[in-house]
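Spelled out from the first residue to the last, the chains are:
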Amino acid sequence: MNVIRDEIRTGLLVLVSLVALVGILLYLGAPGVFVPQHTYWIYFQDASGIKPGSQVQLAGRKIGQVRALFSPVPDKERPEPKLETKIEVQVNSTARVFNRVKAQITQPTMLGDSVIDFSSGDEASGLAKNNAHFIGELAPSLSSLAPIVMERLDPVLAKLNGTLDSLQKTSDNFAKLTSPGADLPQAFSEFKQVGVNLNQLSSYQGPLQQSLQNIETLTGENGKFTQTLNQLAQLTSPDGSLSKTFKNTEKFTTELNENHDAATIMRNLREATDNLNRRMTQLGQEFSVVGVNLEQATDTVKRQPWRLIWKSTKQYGTPTPTPTPAKRFSRR
């Protein structure tokens, strides 16, 4: 009896162990057997590392797992914007997944597996029911960031290449400028020669020093320039000759204006000028007559020189007397 009892106990232990093992496997592999589950369908552009059994999280907390993947989805079943992958997930029915929620495929750690995470839910939209559909998106990762970074870096690299080209050209031009026989070494040598000439000019016995000494001599206390300035100051002083001359001139012109002598002098000057013009006109006429007579006498002497000895038989006309201009008297 004891043997049979021991065998029965052993069989029951084995049976309980098997049931426990099966229960654990079912709980781990099919949690819906023991805990009520909701099935959700999520559409993605691609699975991006998701496989059956991958975790499903709600704001970083595990609430289920991926059950199956379907890719590519028939074209007529694809929602806008024509997503090709459909993933079936099972989550605890008690998980608060809302109708408007962000479903992303993320990678919590750099070397970890990809997971599906529900986040940023809108409570006002209400809880999602069983067999609800969601539009998912891929969270930025290192693999997706690389093209974006390269796209951003392309303009910078292009500008950097242009800058490097400009620097290379500048370096080449500078090398040409500094090569032997180029303009820059010649300019430096000429500048050096200018420095030497300037040193010679500004030396103790140089022309510049001598010019400064001459200027100092001219502008010294007994210098010519100082004496000239003193003489000019004496001329322009209140008691100087120039000031006295100006005062006398001012006094003379004032007296002329007060006595009205200036107008009389100008009138007499104009009359004298008119008389001189008339006299010059008369003299011109008389010189003309004298010139005609000299011309006739010269012609006679030239053609008949004997008339200088014998009596002249040539008849001359009576010269027309020149009228005497009437005299003008000025009124004073």
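So, here's what we can say about the structure. (Residues numbered from 1 in each chain as written. Predicted model: local features only at pLDDT ≥ 70, side-chain atom pairs only at ≥ 80, totals over all residues. Heavy atoms only, no water.)

1. Let's talk about the pattern of salt bridges
(1) Moving on: Inspection of the entire model under this criterion finds five salt bridges.
(2) Moving on: Between R96 and E123 there is a salt bridge, with the nearest N and O atoms lying 3.5 Å from each other. Pair noted here: R96 is in the loop between β4 (85–92) and β5 (102–106) and E123 is in the loop between β6 (115–119) and β7 (132–138), with a separation of 27 residues, a long-range link.
(3) Moving on: Judged by its relative accessible area of 45%, R96 is partly exposed.
(4) Moving on: The exposure class assigned to E123 is exposed, which follows from its relative accessible area of 57%.
(5) Moving on: A salt bridge links D122 to R100; its shortest N-O distance comes to 2.8 Å. (Salt bridge = Lys/Arg side-chain N within 4 Å of Asp/Glu carboxyl O. Helix = DSSP H or I, 4+ residues; strand = E, 2+ residues; numbered from the N terminus. Buried < 20%, exposed > 50% of the residue type's maximum accessible area, 1.4 Å probe, protein only.)

2. Focus: the side chain of Q57
(1) Moving on: Tracing the backbone through its elements, the reader meets Q57 in strand β2 (residues 55–58).
(2) Moving on: Overall, the relative accessible area of 11% leaves Q57 in the buried class.

3. Points about the environment of I116
(1) Moving on: Here I116 is to be found in strand β6.
(2) Moving on: When neighbours within four sequence positions are excluded, I116 is seen to be in contact with I42, F44, I50, Q55, V56, Q57, V66, I87, V89, Q104 and I105. (Contact = heavy atoms within 4.5 Å.)

4. Here we look at the packing of aromatic side chains
Within a pair of aromatic rings, the relevant descriptors are the distance that separates the centres and the angle that separates the planes.
(1) Moving on: Tallying each qualifying case throughout the model produces four aromatic pairs.
(2) Moving on: Taken together, a centroid distance of 6.1 Å and an interplanar angle of 40 degrees make the contact between W41 and F70 tilted. Pair noted here: W41 is in strand β1 (residues 37–44) and F70 is in strand β3 (residues 61–70), with a separation of 29 residues, a long-range link.
(3) Moving on: The exposure class of W41 is buried, given its relative accessible area of 17%.
(4) Moving on: Look at F70 and you get partly exposed, because its relative accessible area is 37%.
(5) Moving on: Ring geometry for F118 versus F134: centroids 5.6 Å apart, planes at 65 degrees, classification edge-to-face. Here F134 lies in strand β7 and F118 lies in strand β6, a separation of 16 residues in the sequence. (Phe/Tyr/Trp six-rings, centres within 6.5 Å; stacked < 30°, edge-to-face > 60°.)

5. Here we look at the pairing of β5
(1) Moving on: The element β5 is extensively covered by neighbouring structure, given that four of its five residues are classed as buried.
(2) Moving on: Inspection of the sheet shows β5 paired to β6 by five bridges, in the antiparallel sense. Following the sheet pairing, K102 is matched in β6 by S119.
(3) Moving on: Note: β5 against β7, three bridges, orientation parallel. (Pairing = 2+ DSSP bridges.)

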